[in-house]
Number of protein chains: 2
Amino acid sequence: METLRERKKQRTREALLRAALELFTTRGYEGTTVDDIAETVDVSQRTFFRYFAGKEEAALAVQEMTVNRFVESVRERPPHEAPLEALRQAVLDGWDTLNEVVESVVPVELYLRMFRVIESTPVLLAAHLRRSEEVEEVLARVLAEREGVDMDTDPRPRLTVAVFGGVMRVTERQWTTGEDFSLRAMRDLTVSHLEQLGPALTGSWRTDTSGHPYTET
Amino acid sequence: METLRERKKQRTREALLRAALELFTTRGYEGTTVDDIAETVDVSQRTFFRYFAGKEEAALAVQEMTVNRFVESVRERPPHEAPLEALRQAVLDGWDTLNEVVESVVPVELYLRMFRVIESTPVLLAAHLRRSEEVEEVLARVLAEREGVDMDTDPRPRLTVAVFGGVMRVTERQWTTGEDFSLRAMRDLTVSHLEQLGPALTGSWRTDTSGHPYTET
DNA sequence: GAGGCTAATGACAGCCACTGACAATTGACA
DNA sequence: TGTCAATTGTCAGTGGCTGTCATTAGCCTC
């Protein structure tokens, strides 16, 4: 961002993004038109579409940043860590350093509100899930390389990442709909759910192994 | 479907669905307009929207049937089966009896082609994934009830279903992009992937436990 | 620092998915 | 058979999104 032109572009994009998130989190995603966003920033609708492929992309732009950061984080994990452990550490690290990544673009508080909007807006949730699947493919490749296995013949990389992704989606869902919507809560939920993964998969739950007696009723 | 009116409605819906899938699988989803579909069946565009909430719904209608069948199948599993085992049996049963369920509406061959279209069309894949998440919520509830645990305090039902769902998505993806696109292949892949689940999650893969030596390179 | 070059924007027209409203039609049923 | 209700068609309109072309505005050279 050296020239004036580039700085101007940067500012326009940022303004559009900020306006979009602000409107989405107040009027709702469906309740906001692209014209609304463009008008807020005082550019033409056409210009909006030159910065974002669509309404969706604007809504998910910040998430995209954090996800990319997460993938990089996995890449940089020490090779001695087991696959699931590398994913776990990378995710936790992501939540711990969320502030630095997000705040440079939009207030974290806005990011968090947007998280809930995504989770509660069907079309956005769908796009988010599809994107997650794409990311899982990349992660599987990273893990396969780390462990020196061939993804084309060995299903374990994809399976591991899919399992991990499944746990994370459950976590996100519970987090966004729960009462404690803080980063700390997200971190704790992540740890807790990953710990529960083993017990959940081992046979019947009637033999209590998790501190959740089924006799409570 | 007793009266003439009801029969006519049934036929219109079926014709629309068939026409939609036929067009989607030949011209592609994006390459097909709702007007195309309506015109093929010789009804107005408005009528199409009276039968389907949107293009998406038409594209996913048959999948919806099989998914609902799957959920029912899980509900009817004998209570002594462990959660994962119940899900496994229900899925395999679903593939084994797919013909009977699907053929009553559209040719199975059309259903299979549509499966690939869904997997390769971003917006359809997204919708499919979102729907899967909804189903997972239902399944978690079924499992929780079976096992007598409280879903609100015990994350294991949701975790188990999410893990299972993750495995199934990996399976679907490999199936639709692989060379052997037969029901038999889907069944085998499902069994194989579920078997690999354990090995995939237990620590490092460098200690070979799966018949996939990493020394192939 | 004037003028040419190129990138960014605006204005406009148009496509497609989808919806509301109302009129026309057609099966149901007394 | 005539009335009632459900089904459908028509029309108008909104919103997301794209292509096109003229206009503007930063950039760079002479």
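Residues numbered from 1 in each chain as written. Chains lettered and ligands numbered in written order. Predicted model: local features only at pLDDT ≥ 70, side-chain atom pairs only at ≥ 80, totals over all residues. Heavy atoms only, no water.

## A look at the overall build of chain A
Piece 1. In terms of helices and strands, chain A carries 10 helices and zero strands.
Piece 2. For chain A, the succession of helices and strands along the chain, N to C, is α-α-α-α-α-α-α-α-α-α.
Piece 3. Its C-alpha atoms put chain A at 60 × 50 × 30 Å along the principal axes.
Piece 4. The 217 residues of chain A split such that 50% are buried.
Piece 5. Of all intrachain contacts in chain A linking residues separated by at least 6 positions in sequence, the fraction that spans at least 24 positions is 62%.
Piece 6. About 10,500 Å² of surface is accessible on chain A, with carbon and sulfur atoms providing 49% of the total.
Piece 7. Where the 28 positive side-chain charges of chain A centre and where its 38 negative ones centre are 5 Å apart. (Helix = DSSP H or I, 4+ residues; strand = E, 2+ residues; numbered from the N terminus. Buried < 20%, exposed > 50% of the residue type's maximum accessible area, 1.4 Å probe, protein only. Contact = heavy atoms within 4.5 Å. Areas by Shrake-Rupley, 256 points an atom, 1.4 Å probe, with all protein chains shown as cover. Lys, Arg positive; Asp, Glu negative; His and termini not counted. Charge placed at Lys NZ, Arg CZ, Asp CG, Glu CD.)

## Some thoughts on the protein's contact with DNA strand D
Piece 1. Surrounding DNA strand D, one finds 23 residues, the nearest of these being A:Thr3, A:Leu4, A:Arg46, B:Thr47 and B:Arg50.
Piece 2. The sugar-phosphate share of atoms of DNA strand D within 4 Å of the protein amounts to 57%.
Piece 3. Here a phosphate oxygen of DNA strand D sits 3.0 Å away from a polar atom, N or O, in the side chain of A:Thr3.
Piece 4. At a separation of 2.8 Å, a phosphate oxygen of DNA strand D approaches a polar backbone atom of A:Lys55.
Piece 5. Sorting the residues of the surface near DNA strand D by element identifies α1 (4-27) and α3 (45-51) of chain A together with α1 (4-27) and α3 (45-51) of chain B as the ones contributing at least two each.
Piece 6. Along the lines of polarity and charge, the residues of the surface near DNA strand D split into six nonpolar, eight polar and nine charged. (Near = heavy atom within 4 Å. Polar contact = N/O pair within 3.5 Å; in protein donor to acceptor, adjacent residues only side chain to side chain. Nonpolar A, V, L, I, M, F, W, Y, C, P; charged D, E, K, R; others polar.)

## Remarks on the relation of the copies chain A and chain B
A rotation about some axis, followed by a shift along it, carries one copy of the chain onto the other.
Piece 1. Between chain A and chain B, the superposition needs a rotation of 180° and an axial shift of 0.0 Å, giving an RMSD of 0.0 Å. Within this description, the copies of the chain are treated as partners about a two-fold rotation axis.
Piece 2. The residues that chain A uses at the interface reappear at the interface of chain B in 100% of cases, marking a shared surface. (Least-squares fit on C-alpha atoms with pLDDT ≥ 70 in both.)

## Description of the side chain of A:Thr160
Piece 1. Of note, A:Thr160 is situated in helix α9 (residues 156-177).
Piece 2. In terms of polar contacts, A:Thr160 uses its side chain to reach the backbone carbonyl oxygen of A:Arg156, at 2.8 Å.
Piece 3. Dropping the residues within four chain positions of it, A:Thr160 is found in contact with A:Pro83, A:Leu84, A:Leu87, A:Leu143, B:Ala200, B:Leu201 and B:Trp205.

## Section: the pattern of salt bridges
Residues and elements named next belong to chain A.
Piece 1. Scanning the model with the defined rule gives 32 salt bridges over all chains in all.
Piece 2. Between Asp36 and Arg27 there is a salt bridge, with its nearest N and O atoms 3.2 Å apart.
Piece 3. What you see here is one network of salt bridges that share partners, running through Glu64, Arg130, Arg131 and Glu134. (Salt bridge = Lys/Arg side-chain N within 4 Å of Asp/Glu carboxyl O.)

## As for the packing of aromatic side chains
Piece 1. Here the structure, examined in full by the defined rule, presents 17 aromatic pairs over all chains.
Piece 2. An aromatic cluster of at least three residues, connected via ring pairs, comprises A:Trp95, A:Tyr111, A:Phe115, A:Trp175 and A:Phe181.
Piece 3. Against the face of A:Tyr29 rests A:Lys55, its NZ or CZ located 4.4 Å from the ring centre.
Piece 4. Directly above the aromatic system of B:Phe181 lies the positively charged group of B:Arg116, at a separation of 4.1 Å from the ring centroid. (Phe/Tyr/Trp six-rings, centres within 6.5 Å; stacked < 30°, edge-to-face > 60°. Lys NZ or Arg CZ within 6 Å of the ring centre and 35° of its normal.)

## Details of the interface of chain A and chain B
Piece 1. Residue-level contacts link 47 residues of chain A with 47 residues of chain B.
Piece 2. Summed over both partners, the interface of chain A with chain B buries about 4,500 Å², with 63% contributed by carbon and sulfur atoms.
Piece 3. At the surface where chain A touches chain B, the tally comes to four salt bridges.
Piece 4. Of the charged contacts in the structure, one is a salt bridge between A:Arg169 and B:Glu133, with a shortest N-O distance of 3.7 Å.
Piece 5. Counting the contacts that link chain A with chain B gives five residue pairs in polar contact (both at pLDDT 80 or more).
Piece 6. Put simply, the parts of the chain that give the side of chain A that touches chain B at least two residues each are α5 (83-96), α8 (122-147), α9 and α10 (183-201) of chain A.
Piece 7. Tallied by class, the residues present in the side of chain A that touches chain B amount to 24 nonpolar, 11 polar and 12 charged. (Buried area = accessible area lost by both parts, 1.4 Å probe.)

## Let's talk about the domain arrangement of chain A
Residue and element names in this part refer to chain A.
Piece 1. What the domain assignment reports for chain A is domain 1 (1-52) and domain 2 (56-201).
Piece 2. Taken over C-alpha atoms, the centre of domain 1 sits 27 Å from the centre of domain 2.
Piece 3. When domain 1 packs against domain 2, close to 1,300 Å² is buried across both sides, 73% of that on carbon and sulfur atoms.
Piece 4. Among the residues of domain 1 in contact with domain 2, Leu21, Thr25 and Tyr29 are the three that bury the most area, contributing 44% of the side total.
Piece 5. At the surface where domain 1 touches domain 2, the tally comes to one salt bridge.
Piece 6. Across the pair Glu22 and Arg113 runs a salt bridge, and its minimum N-O distance is 3.1 Å.
Piece 7. Summed over the shared surface of domain 1 and domain 2, the result is four residue pairs in polar contact (both at pLDDT 80 or more).
Piece 8. With 10 residues, the single largest contributor to the side of domain 1 that touches domain 2 is α1.
Piece 9. Along the lines of polarity and charge, the residues of the side of domain 1 that touches domain 2 split into eight nonpolar, two polar and five charged. (Domains from an automatic or database assignment.)

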